[in-house]
Amino acid sequence: MDLSGIDRHTPRGVTGAPREAAVLAPVIHRDEGPHLLFTKRADHLGEHPGQMSFPGGGREPVDATLRETALREADEEIGVAAEEVDVVGRLDDITTITDYAVRPFVATVVDREYVPDEREVAEIAILAVEDLIDPANYESERRETDYGSLRIHYFHVDGYTVWGATGRIVAQLLELTTDWRIPEEPDRVVGPDADVSG
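Residues numbered from 1 in each chain as written. Predicted model: local features only at pLDDT ≥ 70, side-chain atom pairs only at ≥ 80, totals over all residues. Heavy atoms only, no water.

Chemist: How should I be thinking about the overall build of the protein in this particular structure?
Modeler: The helix and strand tally for the protein stands at 4 helices and 12 strands. Overall, the C-alpha framework of the protein stretches about 45 × 40 × 35 Å when taken along its three principal axes. Expressed as a percentage of its 198 residues, the buried residues of the protein come to 48%. Counted over contacts in the protein with a minimum sequence separation of 6, partners at least 24 positions apart contribute 65%. Total accessible area computed for the protein in this model is approximately 10100 Å², and 46% of it derives from carbon and sulfur atoms. For the protein, the centre of its 19 positive side-chain charges and the centre of its 41 negative side-chain charges are spaced 5 Å apart. (Helix = DSSP H or I, 4+ residues; strand = E, 2+ residues; numbered from the N terminus. Buried < 20%, exposed > 50% of the residue type's maximum accessible area, 1.4 Å probe, protein only. Contact = heavy atoms within 4.5 Å. Areas by Shrake-Rupley, 256 points an atom, 1.4 Å probe, with all protein chains shown as cover. Lys, Arg positive; Asp, Glu negative; His and termini not counted. Charge placed at Lys NZ, Arg CZ, Asp CG, Glu CD.)

Right, dumping it as structure tokens:
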């Protein structure tokens, strides 16, 4: 995983969204290779309950920048302190079906045990990049919706499924830092009411 690809990338921004948010995509370096840290959202949350995500959330008035939002939320959700984080750069902003513009920041973090805040995070999952780029663990679909055609990525690793907005972030991160590429064609095309694979 070559994180210099992040530094060379010129991220695209999104303006005009009703709400702003930021996430931290934490990279952990281990002897067996790089890993990504994900959180599984608590089941009682109103938006995206039970889904895999990166630490993050909505921008608050105390946040001077979206980078501060990402760092604050990561500290609140999993207890990662600012001095344990080395922000490498950012990816393209994405919009979500909940009317957020989300800015993803990529950072290396210290390899230690993190403790989830149970009010927001059900568990923490640390998944190997080697498994995320394994073609056997990936599938995608094109979903035709009232808002246009969406490409949805699914990464199935260690019993977890990363998809949705987080899947989009992971797909770009892997394309910028590894030899993995999004296949030209999806595995299937579905309508707006089809069940998701996540």
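Chemist: Looking at this structure, how should I read the nonpolar core?
Modeler: Nonpolar side chains tend to gather and get buried jointly when the protein is soluble and globular. Core analysis: the biggest nonpolar cluster contains 30 residues, and L36, F38, F54, V106, L127, L132 and F155 have the highest contact counts within it. At the level of secondary structure, the elements contributing two or more residues to this core comprise strand 1 (19-30), strand 2 (33-41), strand 7 (100-109), strand 8 (121-128), helix 3 (129-132), strand 10 (148-157), strand 11 (160-162) and helix 4 (164-177). With 5 residues, the top contributor of residues to this core is helix 4. Contact partners of V106, with chain neighbours within four places excluded, come to L3, I6, A25, V27, D86, V87, V88, G89, L91 and L173. Counting residues in hydrophobic clusters, the runner-up holds 15 residues, among them A70, A74, V87 and A107. (Core = buried A, V, L, I, M, F, W, Y, C linked by side-chain atoms within 4.5 Å.)

Chemist: When you look at the packing of aromatic side chains in this model, what are you seeing that I'm missing?
Modeler: The relative placement of two aromatic rings is captured by the distance of their centres and the angle of their planes. A full pass over the atoms with the stated rule returns 5 aromatic pairs. Each member of the aromatic cluster is reached from another via a ring pair, and the members are Y138, F155 and W180. (Phe/Tyr/Trp six-rings, centres within 6.5 Å; stacked < 30°, edge-to-face > 60°.)

Chemist: Please explain unusual backbone geometry as it appears in this structure.
Modeler: Most of the time, phi is negative for any residue but glycine, and the peptide bond is trans. Backbone geometry at D158 places phi at a positive 55°, although glycine is not the residue there. On the basis of relative accessible area, D158 is assigned to the exposed category, the value being 57%.

Chemist: Even after reading the chapter, I still don't get the pairing of strand 7, so can you show me in this structure?
Modeler: Along any regular strand, the residues point their side chains to alternate faces of the sheet. For strand 7, a buried count of 9 out of 10 residues is recorded, marking the element as mostly surrounded by other parts of the structure. Here strand 1 pairs with strand 7 via 9 bridges, running parallel. Residue pairing in the sheet places V23 in a bridge with P104 of strand 7. Two elements, strand 5 (residues 85-90) and strand 7, share 5 bridges in a ladder whose sense is antiparallel. Following the sheet pairing, G89 is matched in strand 7 by V106. (Pairing = 2+ DSSP bridges.)

Chemist: It is not clear to me how the side chain of D63 should be interpreted in this structure. Could you clarify?
Modeler: Secondary-structure assignment places D63 in the loop between strand 4 (56-58) and helix 2 (66-78). The buried category is assigned to D63, whose relative accessible area is 6%. Reaching out from D63, the side chain makes a polar contact with the side chain of R72 at a distance of 2.8 Å. Not counting the four nearest positions on each side in its chain, D63 is found in contact with G58, E68, T69 and R72. (Polar contact = N/O pair within 3.5 Å; in protein donor to acceptor, adjacent residues only side chain to side chain.)

Chemist: In this structure, what is going on with the sheet that holds strand 12 (residues 188-190)? I would like to understand it.
Modeler: Sheet strands line up and pair through hydrogen bonds in the backbone, either parallel or antiparallel. Taking strand neighbours across the sheet as the criterion, the 4 strands line up as 11-10-9-12 in an open arrangement whose pairing is mixed. Strand pairing shows two members of the sheet lacking a second neighbour, strand 11 and strand 12, which therefore form its edges. Averaged over all pairs of adjacent strands, the angle between strand axes in this sheet comes to 30°, irrespective of strand direction. (Axes fitted to C-alpha atoms, helices over the stretch in contact; angles between N-to-C directions.)

Chemist: Quick question: what am I supposed to make of the side chain of E84 here?
Modeler: Relative to the helices and strands, E84 is located in the loop between helix 2 and strand 5. According to the relative accessible area criterion, E84 is buried, its value standing at 17%. Discounting chain neighbours no more than four positions away, the residues touching E84 are G79, T108, V109, V110, R112 and Y114.

Chemist: Help me out: how do you make sense of the pattern of salt bridges in this one?
Modeler: Side-chain pairs of opposite charge can arise whenever the charged atoms involved come near each other. Tallied over the full model, the rule gives 13 salt bridges. Its salt-bridge partner being R112, residue E84 comes within 2.6 Å of it at the nearest N-O pair. Highlighted residues: E84 in the loop between helix 2 and strand 5 and R112 in the loop between strand 7 and strand 8, separated in sequence by 28 residues. Overall, the relative accessible area of 31% leaves R112 in the partly exposed class. (Salt bridge = Lys/Arg side-chain N within 4 Å of Asp/Glu carboxyl O.)

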